[in-house]
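# Analysis of the macromolecular model
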Amino acid sequence: MKWPTAGLVQPYVAPTWLTDRLPPDALARLPRSRLALLPLPTPVHALTLPPSVAADLPHGIRLYIKRDDVAVGVLGGSKARKLAFSLAAAAAAGATAVVTAGNAGSNHTAATAVAAARVGLDAHVLLLTANPADSAGAMAAMGGLAAVHATAGTRVHLVPAAVHGRIDAALHMAAHRLEASAPAGCSSSGGAPHFQRVAVVGMGGSDSIGLFGYLDAWEELRQQGAFADAAITDVVVASGSGGTAAGLALAAAAAGNDGVRVHAVVVRNDEPHCRRHAAQMAAEWGLPAPSTSVLDVIEGYDGGGYGPLVDDGAAERLATTVGAANGLVLDPVYTRKAFVGMLAELSADSGRAAKRFRGEGILFIHTGGMAGLLGVGGVTNPHGDGPRGWMGDGGMVIDTWSAADMELA
């Protein structure tokens, strides 16, 4: 087991507003360390809106942004916050590898591979695809992210897209299969080989340890004075796997900031998934599920999943205009859709008797997604289109697993 470079592992102490509410068994499971994958605290600043955009919003609205898109290399955003806890826990438990899952355009899987390499862990990815036999097609769909995986030496396992419905079981079965099949090396004494110990990282980093990425971010906001004198009344974030929204909503309630409302703009999945995941994470730590008054889930801006919004380019023009005024980039998969949804719902509040937003201080959390802007290319299959066992430049290995391979058939 190779530990990270000095200074990468940092001690972590959970805030008292959380520990005071946890039962004894949960206190014993708290993470004790995290990785320094982001320069913290990330900045918060006011957003400048062009007059043509601001004119559609209710009078008195103040918009702010938290720049979690600040990156170290290709690492940044919500993925880095969650992985800081997930990978520290994996390394502390003696893991030699991690396995996670995602679609072809997954920023999470790319971030996991890069961060795992820094910790000395092998990274395995279950890549959900409609045709697992078509490795060339899967790599083309990954675009520039394929180059990131090649550089990190990711082991990519192409699996049927239908596995998504049982992804937690699939990840644990994959970990079991990897542990049973591949030695990680021989002992220094020349004895029996040390077999892999594989830790599971939830899809999107959304599991009970990754949750602390945004429990901790809430404490960071408190320390930055975000909630003093009702400066911030509403927090808006993109929601895919649901982990970021769950962490923020649970923190809002536990920290006594339940006067602040968290708005999760769905970019994949749906409202039932988002609420179900938040309730599951709450139950894992012995906390009450966030109420609808604390967690608002906004649908209608997902573009059919991870696709872009279908709006004749209006979202792209808005993202370009706002970006130019503030020096930021909104990616088409996550933050652009959430930002468009936030502005549209704020505008709609002007005609609503029951307002969706709690007040006038709106904070948008920029969760990153910059890796998804990488262009197509970077890796090709030098041995043709065969689905099994080819190695790309930099050490990425691709093979195909069926549902039966993971005992899910």
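Not measured: the values here are computed from a predicted model.

On to helix α4 (residues 77-92), then. Between its first and last C-alpha atoms α4 spans 23 Å; for 16 residues at 1.5 Å apiece the expected length is 22 Å, and the two agree. Of all the bends in α4, the greatest, near 35 degrees, is centred on L83. Counting buried residues in α4 gives 14 out of 16 residues, a clear majority hidden from the surface. At the C-terminal side of α4, G94 shows a positive phi close to 85 degrees.

The next point concerns the pattern of salt bridges. Counted under the stated rule, the structure contains 14 salt bridges. R81 serves as the salt-bridge partner of D68, at 2.7 Å between the closest nitrogen and oxygen. Of this pair, D68 sits in the loop between β4 (62-67) and β5 (71-72) while R81 is found in helix α4, placing the two residues 13 residues apart along the sequence. When its relative accessible area of 0% is taken as the criterion, D68 is described as buried. Between R352 and D349 there is a salt bridge; the shortest N-O distance is 2.8 Å. According to the relative accessible area criterion, R352 is partly exposed, its value standing at 25%. Through salt bridges with shared partners, a single ionic network connects D296, E345, D349, R352 and R356.

Moving on, we come to the nonpolar core. By size, the foremost hydrophobic cluster in this structure holds 71 residues, and its most contacted members are L37, L87, V98, W218 and V235. V235 has contacts with W218, F227, L248, V260, R261, V262, H263, L363 and I365, leaving out every residue within four places of it along the chain. Of all hydrophobic cores here, the second largest spans 29 residues; its members include A238, A338, V340 and I362.

Mapped onto the fold, D349 is located in helix α13 (residues 335-349). What makes D349 buried here is its relative accessible area of 5%. Ignoring any residue separated from it by four or fewer positions in sequence, one finds D349 in contact with K355, R356 and F357.

Glancing now at the sheet that holds strand β14 (residues 261-266). Across the sheet, which stays open at both edges, the six strands sit in the order β3-β4-β16-β13-β14-β15 with mixed pairing between neighbours. Single-partner strands in this sheet number two, and they are β3 (44-46) and β15 (295-298). Taking the axes of each pair of neighbouring strands and ignoring which way they run, one obtains an average angle of 25 degrees across the sheet. Pairing analysis gives four bridges linking β14 to β15, with the strands arranged parallel. Counted as the bridge partner of A264 is V297 from β15.

What follows covers the pairing of strand β16 (residues 361-366). β16 sits mainly inside the fold: six of its six residues count as buried. Neither face of β16 is open: one carries G361, L363 and I365, the other I362, F364 and H366, and all of them are buried. For β4 and β16, the ladder comprises six bridges, and the chain directions are parallel. From the neighbouring strand, I65 faces β16, where its bridge partner is F364. Sheet analysis places strand β13 (residues 234-239) next to β16, joined by three bridges and oriented parallel. Bridging from a neighbouring strand, V235 pairs with L363 of β16.

Turning to the environment of A314, a few remarks are in order. In this structure, A314 sits in helix α12 (residues 314-326). When the C-alpha atoms of A314 and V340 are compared, they prove to be 9.4 Å apart, with 26 residues separating the residues in sequence.

Criteria and thresholds
- Residues numbered from 1 in each chain as written.
- Predicted model: local features only at pLDDT ≥ 70, side-chain atom pairs only at ≥ 80, totals over all residues.
- Heavy atoms only, no water.
- Helix = DSSP H or I, 4+ residues; strand = E, 2+ residues; numbered from the N terminus.
- Expected span 1.5 Å × (residues − 1).
- Bend = angle between axes of the 7 residues up to and from the residue.
- Buried < 20%, exposed > 50% of the residue type's maximum accessible area, 1.4 Å probe, protein only.
- Salt bridge = Lys/Arg side-chain N within 4 Å of Asp/Glu carboxyl O.
- Core = buried A, V, L, I, M, F, W, Y, C linked by side-chain atoms within 4.5 Å.
- Contact = heavy atoms within 4.5 Å.
- Pairing = 2+ DSSP bridges.
- Axes fitted to C-alpha atoms, helices over the stretch in contact; angles between N-to-C directions.

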